[in-house]
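Descriptive analysis of the structure
Next come the chains, spelled out residue by residue.
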Amino acid sequence: LPAFRDPKLFTKDQHFHEVPVRIYLPRLPSASKRRAVIFIHGGCGMFGSIRSYEKVCRYIARESDSVVVSVGYRLAPEHKYPGQNLDCLTATVHFLQTAENYGVDSDRIIICGDSAGATFSTSVCQELVNRTDIPKIRAQVMIYPFLQALNFNLPSYQKNAFIPLLSRKRLIHFILQYLNKDSALEEALLAGSHVPESINLKYGKWINPDLIPDKFKQGYKSPPSTSCVAQVYEEVKEVFETTFSPLLAEDSVVCRLPDTCIITCEHDVIRDDGLLYKKRLEDNNVKVTWYHLEEGFH
C-alpha cells in the first residue's frame, strides 16, 4: 500500500544513511516525550516491504500512541546476506541517536519484528549490547521468530512439517534462496548433514528437544543420527553465524539483552525456536513475557 493519509498520524518517508524508513507520528501533541517502536518486517529476508506493512504500522502507532519507524531493508537474493542485518542495525543506531528530533524519549524505544524481522531485531539487540555511546533498547518483541538453522527436526518441525503457509521443506528452500545456495542441498539440511559433530556438541545444550516442554512434544520421534558431509557444511556454514542463528549467541551476550516479549503459534514449524530462546533468556535472568496462540499459524 502507498502511504495512507490517516487523520490521527503524520507519515514521513526518509532515509537513515541510505536505508529507507517510514515514520508514523501521532498528530495530537503530547505533554511528554513519546515512546517509539522500531518495526522490522518479516518475509524470509526476501519478501515484504514498508508498503506491505503499512496497515500494521499505522495500527501500532495509533493504538499505542507511539512513534513507529518501519525499516525498509534491502532484500535478498539481489542484496546478499548479511546486508539485511546491516541495514536494520544502521537504521536502529541512527534512530537511537536522533530520537529526540521526533519527540521520542530515547530511554523508551523498543524493537519489534515478525518471522525474519524478529531474527533481525534480536540480532540488532545482540550487536548493541556492548555499545555505550547510544541509548539502550528498552525491550524487544519477537513475533514467531526464526532463530536457528542447526536442527530442523525439533518437535515443531516434525509436527508442522506440512502445514501451510510455511512447511519445513519450504522453510529450508527459502533459507537456501536467501543465501544464494543450490536448492539441491535441501535434503542434506533436512537430514542435518550440514552440522559437524563439534557444533552439535557445542550448541546441543541450547538446541535440544529435551528442553521443549512435554506438552509440545506429543508424537515426537528422535531422528536417525546423520554424519556431517564436509562439502555441505562448507557450502552453508554461514547458517551458524549469530547474525543468521541468534540462538547460538553466547551467554555473555544473552544475559545483557533487554526485556523480551515472545509470541509463538502452535501450528508453526518454527514454534520451538521461540520456546528455546525463551528458556535461554530466562536462564540468563532476562525478563520474558510469552504469548502462545493455540490456534495460531505462521
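Basis of the calculations
Residues numbered from 1 in each chain as written. Predicted model: local features only at pLDDT ≥ 70, side-chain atom pairs only at ≥ 80, totals over all residues. Heavy atoms only, no water. Helix = DSSP H or I, 4+ residues; strand = E, 2+ residues; numbered from the N terminus. Buried < 20%, exposed > 50% of the residue type's maximum accessible area, 1.4 Å probe, protein only. Contact = heavy atoms within 4.5 Å. Areas by Shrake-Rupley, 256 points an atom, 1.4 Å probe, with all protein chains shown as cover. Lys, Arg positive; Asp, Glu negative; His and termini not counted. Charge placed at Lys NZ, Arg CZ, Asp CG, Glu CD. Core = buried A, V, L, I, M, F, W, Y, C linked by side-chain atoms within 4.5 Å. Domains from an automatic or database assignment. Polar contact = N/O pair within 3.5 Å; in protein donor to acceptor, adjacent residues only side chain to side chain. Expected span 1.5 Å × (residues − 1). Pairing = 2+ DSSP bridges. Axes fitted to C-alpha atoms, helices over the stretch in contact; angles between N-to-C directions. UniProt positions renumbered as here; feature names shortened; annotations may be inferred. Right-handed = clockwise from strand over helix to strand, strands pointing away. Salt bridge = Lys/Arg side-chain N within 4 Å of Asp/Glu carboxyl O. Buried area = accessible area lost by both parts, 1.4 Å probe. Nonpolar A, V, L, I, M, F, W, Y, C, P; charged D, E, K, R; others polar.

**Quick look at the overall build of the protein**
Check the secondary structure of the protein and you find 10 helices and 8 strands. Across the 298 residues of the protein, 55% fall into the buried class. Sequence separation of 24 or more characterises 75% of the internal contacts of the protein that already satisfy a separation of 6 or more. When the accessible surface of the protein is totalled, it reaches about 13,900 Å², and 52% of it is carbon and sulfur. Averaging the coordinates of the 35 positive side-chain charges in the protein and doing the same for the 35 negative ones gives two points 5 Å apart.

**Focus on the nonpolar core**
Counting residues in each nonpolar core, the largest one holds 81 residues, and the members touching the most others are Phe-95, Leu-171 and Phe-244. Taken together, domain 1 (9-143) and domain 2 (155-240) each give at least three residues to this core, which thus spans both. In contact with Leu-171, not counting residues within four places along its chain, are Phe-146, Phe-152, Tyr-157, Leu-166, Val-269 and Ile-270.

**Concerning the side chain of Ser-245**
Mapping Ser-245 onto the fold places it in the loop between helix H8 (230-236) and helix H9 (251-254). By relative accessible area, Ser-245 is classed as buried at 0%. A distance of 3.1 Å separates a polar side-chain atom of Ser-245 from the backbone nitrogen of Ala-149. Leaving out residues up to four positions away in the same chain, Ser-245 has contacts with Leu-147, Gln-148, Ala-149 and Val-239.

**A short note on helix H2 (residues 83-98)**
Since the α-helix packs 3.6 residues into each turn, any two residues three or four apart lie on the same face. Taking 1.5 Å per residue as the helical rise, H2 with its 16 residues ought to reach 22 Å, and the 23 Å between its terminal C-alpha atoms agrees with that figure. The buried count for H2 comes to 13 of 16 residues, which makes it a mostly enclosed element.

**Things to note about the sheet that holds strand S2 (residues 19-26)**
Taken in spatial order, the 8 strands of this open sheet run S1-S2-S4-S3-S5-S6-S7-S8, and their pairing is mixed. Single-partner strands in this sheet number two, and they are strand S1 (9-16) and strand S8 (288-297). Across the sheet, the axes of successive neighbouring strands diverge by a mean angle of 20°, strand direction being ignored. By the bridge criterion, 5 bridges tie strand S3 (residues 34-40) to strand S4 (residues 67-71) in an arrangement that is parallel. Across the sheet, residue Val-37 finds its bridge partner in S4, namely Val-68. Contacts from helix H1 (residues 54-64) reach S1, S2, S3 and S4 within the one sheet, and its direction differs from that of S2 by about 35°. Here H2 sits on the sheet and contacts S1, S2, S3, S4 and strand S5 (104-114); the angle it forms with S5, its principal contact strand, is near 160°.

**Re the UniProt feature "domain: Alpha/beta hydrolase fold-3" (unreviewed entry) in the protein**
What UniProt calls "domain: Alpha/beta hydrolase fold-3" (unreviewed entry) maps, in this numbering, to residues 37-186 and 228-298. With 34% helix and 27% strand, residues 228-298 has end C-alpha atoms that lie 30 Å from one another.

**Concerning the pairing of S8**
Direction of pairing for strand S7 (residues 259-267) relative to S8: parallel, over a ladder of 7 bridges. Note on S8: the bridge partner recorded for Ile-263 is Tyr-291. Of the crossover connections in this fold, the one passing from S7 over helix H10 (residues 271-283) to the parallel S8 is right-handed.

**A closer look at the pattern of salt bridges**
Applying the stated rule across the entire model yields 21 salt bridges. A salt bridge links Asp-6 to Arg-58; its shortest N-O distance comes to 3.9 Å. Here the residue Asp-6 occupies a position in the segment before S1, and Arg-58 occupies one in helix H1, the gap between them amounting to 52 residues. Summarising the burial analysis for this pair, Asp-6 and Arg-58 share the class buried. Asp-272 is the partner of Arg-271 in a salt bridge, and the nearest nitrogen-oxygen pair spans 2.8 Å. Of the two residues, Arg-271 and Asp-272, both sit in the buried class.

**Description of the environment of Glu-78**
One can find Glu-78 in the loop between S4 and H2. Glu-78 sits in the exposed class, given a relative accessible area of 63%. Remark: the alpha-carbon pair of Glu-78 and Met-46, spanning 32 residues in sequence, is separated by 8.8 Å.

**With respect to the domain arrangement of the protein**
You can read the domains of the protein as domain 1 (9-143) and domain 2 (155-240). With centres defined by C-alpha atoms, the gap from domain 1 to domain 2 works out at 30 Å. At the interface, 11 residues of domain 1 touch 6 residues of domain 2. Carbon and sulfur atoms make up 69% of the surface buried where domain 1 meets domain 2, a total of about 710 Å² over both sides. Among the residues domain 1 hides against domain 2, the three largest losses belong to Cys-44, Met-46 and Tyr-81. Together they make up 60% of the total. The interface formed by domain 1 and domain 2 includes 0 salt bridges. The tally of links between domain 1 and domain 2 comes to 2 residue pairs in polar contact (both at pLDDT 80 or more). Classifying every residue of the side of domain 1 that touches domain 2 gives 7 nonpolar, 3 polar and 1 charged.

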